[in-house]
Protein chains: 2
Amino acid sequence: METYYIRINDVDNLTTGASFLGSGGGGDPYIGGLMLKRELKSKGELEIIRRPKSNKAFVLGSAMMGAPIVMIEKIPSSSEAKKALEIYSYVMNKLIDYITPLEIGGVNSTIPLITSAKTGIPIVDGDGMGRAFPELQMTTFYFYGVSPSPMVIFDERGNTSVIQGIDGYWTEKIARIITVRFGGSAYIALYGMNMEDYLKNAVLDTLTLALEIGELLNDKKLDQVLDKLKAEILFKGKVIDVYRKVEKGFSKGYVVIEGIESYYNKTLQIDFQNEFLIARTNNEILVTVPDLIVVLDLFNQKPITTDRLKYGQKVIVIGVPANEKLRTEEALKYIGPKAFGYNIEYIPIDKRL
Amino acid sequence: METYYIRINDVDNLTTGASFLGSGGGGDPYIGGLMLKRELKSKGELEIIRRPKSNKAFVLGSAMMGAPIVMIEKIPSSSEAKKALEIYSYVMNKLIDYITPLEIGGVNSTIPLITSAKTGIPIVDGDGMGRAFPELQMTTFYFYGVSPSPMVIFDERGNTSVIQGIDGYWTEKIARIITVRFGGSAYIALYGMNMEDYLKNAVLDTLTLALEIGELLNDKKLDQVLDKLKAEILFKGKVIDVYRKVEKGFSKGYVVIEGIESYYNKTLQIDFQNEFLIARTNNEILVTVPDLIVVLDLFNQKPITTDRLKYGQKVIVIGVPANEKLRTEEALKYIGPKAFGYNIEYIPIDKRL
């Protein structure tokens, strides 16, 4: 059992890396980072387990649900994600041995760590997306047979529901509409499974990955990030248009970027649903989900989330190959371009560019 | 412990009486009546308990939730309400000794009887409204301290949630939006309590009342119904306008009736939210919730639900004093005119007419 520790000085690297891997979504982890720092200030360090040995151990996912723009406005409290876990444990009569992030992108990289600090339950180094995605069923757990139900959803007032959907889509639909009713954000505990299934199905070592990428970005070593992830620069330019609406609990829209330097006279459009989905010029599709599209500030190389996009920003757009577990035929049914309503075949970025 | 039995020949009386007490809402019990007849055909009779002796016995409410117009269109299956009860029993680890209707009006008079027939759990002669109301917290159970949560909500696909709201309003809000997501109707099990609380808080003997009223109406003895309930004829006329929309899971609107006979040259407007709420002429309020407004076909004296109203119907409008448990200061907070958004004081119909 390999273990390492996250300390207060690691948090900025973690949140920067998680913003990058969030592919524009998952919410700005800044506030989550502050909350995590407060926990680590009193606790000193937090244990991350890389390869738990017990196959029978019970792992549970911990996350916030909602449109990122709402999650940013309603400052989360650190005790609510813990409460969702406790309710799960009580209602399901299950001891929770490990906590896992559902997604590594954005605020949901820090929420499970805060839950871990609050409960003392150790966290596993992995997640169900290797990035961020907008819907609950969009996890490698689900693609390979683990159900998100039973799931607990909890709000800051104290309202709770336990959801048992007939499949991942229905679990998502029910949880999403409850989230909307709760005011746009909620705390969830879901995807309970044993460690054997977890190790087989999760995208592993993503907390480590976020920490490493974050450290490189904070050191302004974008080239090394690109090398490490086999990523490519797709575009450089200035944001000239942002269209965004919150609809059915999602932040949906697109951004238009006018090229500069070698991209002069070209424009790039990126559509998003919480996360960036598809990047295209007038006559060419450059990247689609599940590959990651990341928008960085041209000057400080920090990731910009879809909710922070605004007119005039100068940006670099990066394309990153998704983890192989997101690229199987099974996975693409749930997270390929067609799953988001685009009549487009997925062509891996590394085969396209 | 007083007991009586409902047999197949009683069902038409029950559904007619429940339509009357539904005050226009609760859904047309015709289909529920057919389902109940099918159960009684195989089972022979169903035991109704008037005054269970055991104070510790556990009682649970069984109902359908949703806009009546949807409940009519999606023909309910008799096994789904049973399933909601079973899930409650399993999740809460509670044996259910008795089933109670939540409301006596409309389809929810027959659903609990069907559940009783399917499960073998006897039914108590009472309910939480003594009529029908559109929202979950509008029960005498809630006015006097019993919580609707935990509640189970279940759809015909097999989706389930267990809801624990912080109060009756939040339980209603969460259940309502899930019902909308389910397509407009759902099966619910809620208001678990012991028999001591039940006997103190319920409107008692309402299944008996529905049977008696239904028998009189089916025998065309409207005068005797009016005598029995201390009710009054408010108006006779022809429906000249119906405005109706399904909004947020409710059937909302109003009907305008043009007077005939001694009401010639007058018009009556009745507003509704699933149930009739307020009846008024141009210059006078005649009846408001919680007193009952009932619209009967002028010729056959059968109740007309808000969803069956249409241009040209000739009708008699009746006003019925509500049960005293609905008229206390505590109850009026939840079911008086103000609870439905009208800036009107409640004046009991028997003090007004």
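Structure first, text after, so check above.
Predicted model only: the values in this text are computed from it and were never measured.

A few words on the sheet that holds strand 14 (residues 275-280) of chain A. Residue and element names in this part refer to chain A. With antiparallel pairing, the 7 strands of this open sheet are ordered in space as 15-14-13-12-11-17-16. The open sheet is flanked by strand 15 (285-288) and strand 16 (292-297), the only strands paired with a single partner. When strand polarity is set aside, the average angle formed by the axes of neighbouring strands in this sheet is 35 degrees. Across 6 bridges, the pairing between strand 11 (residues 232-247) and strand 17 (residues 314-320) is antiparallel. Bridging across to strand 17, Phe235 finds its partner in Val317. Here helix 1 (residues 11-21) sits on the sheet and contacts strand 16 and strand 17; the angle it forms with strand 16, its principal contact strand, is near 125 degrees.

All names here are of chain A. Under the defined criterion, the tally for this structure stands at 22 aromatic pairs over all chains. Measuring from ring centre to ring centre gives 5.3 Å for Phe143 and Tyr334, while their planes differ by 10 degrees; the resulting arrangement is stacked. Linking Phe143 in helix 6 (residues 140-143) with Tyr334 in helix 11 (residues 329-335), this pair joins segments that are 191 residues apart in sequence. The structure contains a cluster of three or more aromatic residues connected by ring pairs, namely Tyr142, Phe143, Tyr144, Tyr169 and Tyr334. A cation over a ring is seen here: Lys173 above Trp170, with NZ or CZ 4.2 Å from the ring centre.

Below, the discussion takes up the relation of the copies chain B and chain A. Taken as rigid bodies, chain B and chain A are interconverted by a rotation of 180 degrees and an axial shift of 0.0 Å, the fit giving an RMSD of 0.0 Å. The superposition of one copy onto the other is thereby described by a two-fold rotation axis. Measuring from the rotation axis to each C-alpha of chain B, the shortest distance belongs to Val162 of chain B, at 2.5 Å. A share of 100% of the interface residues of chain B reappears at the interface of chain A, consistent with the copies meeting face to face through the same patch.

What follows deals with the interface of chain B and chain A. As a measure of interface size, the accessible area lost when the parts come together is often cited. Contacts between the two partners involve 18 residues from chain B, matched on the other side by 18 residues from chain A. Its largest share of buried area at the contact with chain A, chain B owes to Trp170, Ile177 and Arg181 of chain B, together 32% of the area lost on that side. Counting the contacts that link chain B with chain A gives 0 salt bridges. Joining chain B to chain A, the criterion identifies 5 residue pairs in polar contact (both at pLDDT 80 or more). Mapped by element, the contributors of at least two residues to the side of chain B that touches chain A are strand 8 (160-164) and helix 7 (168-181) of chain B. Its residues assigned to classes, the side of chain B that touches chain A comprises 9 nonpolar, 6 polar and 3 charged. Sheet topology places strand 8 (residues 160-164) of chain A next to strand 8 of chain B; 5 bridges connect them, and they run antiparallel. Bridging across to strand 8 of chain B, Thr160 of chain A finds its partner in Gln164 of chain B.

Before going further, it helps to spend a moment on the nonpolar core. Counting residues in each nonpolar core, the largest one holds 193 residues, and the members touching the most others are Phe20 and Ile318 of chain A together with Phe20 and Ile318 of chain B. The contact partners of Ile318 of chain A, leaving out residues within four places of it in the chain, are Phe20, Leu222, Leu226, Ala231, Glu232, Ile233, Leu234, Leu292, Ile293, Val294 and Leu296 of chain A.

Here we come to the pairing of strand 9 (residues 185-194) of chain B. All names here are of chain B. Of all 10 residues in strand 9, 8 are buried; the element is thus mostly enclosed. The pairing of strand 3 (residues 58-66) with strand 9 spans 8 bridges and is antiparallel. Within strand 9, the residue paired with Gly66 across the bridge is Ser185. One ladder, built from 3 bridges, connects strand 7 (residues 151-154) with strand 9; its direction is antiparallel. By the bridge assignment, Ile153 is partnered in strand 9 with Ile188.

Right, let's talk about the sheet that holds strand 14 (residues 275-281) of chain B for a bit. Residue and element names in this part refer to chain B. Read across the sheet, 7 strands follow the order 15-14-13-12-11-17-16 without closing on themselves; strand pairing throughout is antiparallel. Each edge of the open sheet is held by one strand with a lone partner, namely strand 15 (284-288) and strand 16 (292-297). Averaged over all pairs of adjacent strands, the angle between their axes in this sheet comes to 35 degrees, without regard to strand direction. With 5 bridges joining them, strand 13 (residues 267-273) and strand 14 adopt antiparallel strand pairing. By the bridge assignment for strand 14, Gln269 is matched with Arg280. Contacts from helix 1 (residues 11-21) reach strand 16 and strand 17 (314-320), with the element oriented near 125 degrees to strand 16. Taken strand by strand, helix 10 (residues 222-229) contacts strand 11 (232-247), strand 16 and strand 17, and its axis lies near 20 degrees from that of strand 17.

About the thresholds
- Residues numbered from 1 in each chain as written.
- Chains lettered and ligands numbered in written order.
- Predicted model: local features only at pLDDT ≥ 70, side-chain atom pairs only at ≥ 80, totals over all residues.
- Heavy atoms only, no water.
- Pairing = 2+ DSSP bridges.
- Helix = DSSP H or I, 4+ residues; strand = E, 2+ residues; numbered from the N terminus.
- Axes fitted to C-alpha atoms, helices over the stretch in contact; angles between N-to-C directions.
- Contact = heavy atoms within 4.5 Å.
- Phe/Tyr/Trp six-rings, centres within 6.5 Å; stacked < 30°, edge-to-face > 60°.
- Lys NZ or Arg CZ within 6 Å of the ring centre and 35° of its normal.
- Least-squares fit on C-alpha atoms with pLDDT ≥ 70 in both.
- Buried area = accessible area lost by both parts, 1.4 Å probe.
- Salt bridge = Lys/Arg side-chain N within 4 Å of Asp/Glu carboxyl O.
- Polar contact = N/O pair within 3.5 Å; in protein donor to acceptor, adjacent residues only side chain to side chain.
- Nonpolar A, V, L, I, M, F, W, Y, C, P; charged D, E, K, R; others polar.
- Core = buried A, V, L, I, M, F, W, Y, C linked by side-chain atoms within 4.5 Å.
- Buried < 20%, exposed > 50% of the residue type's maximum accessible area, 1.4 Å probe, protein only.

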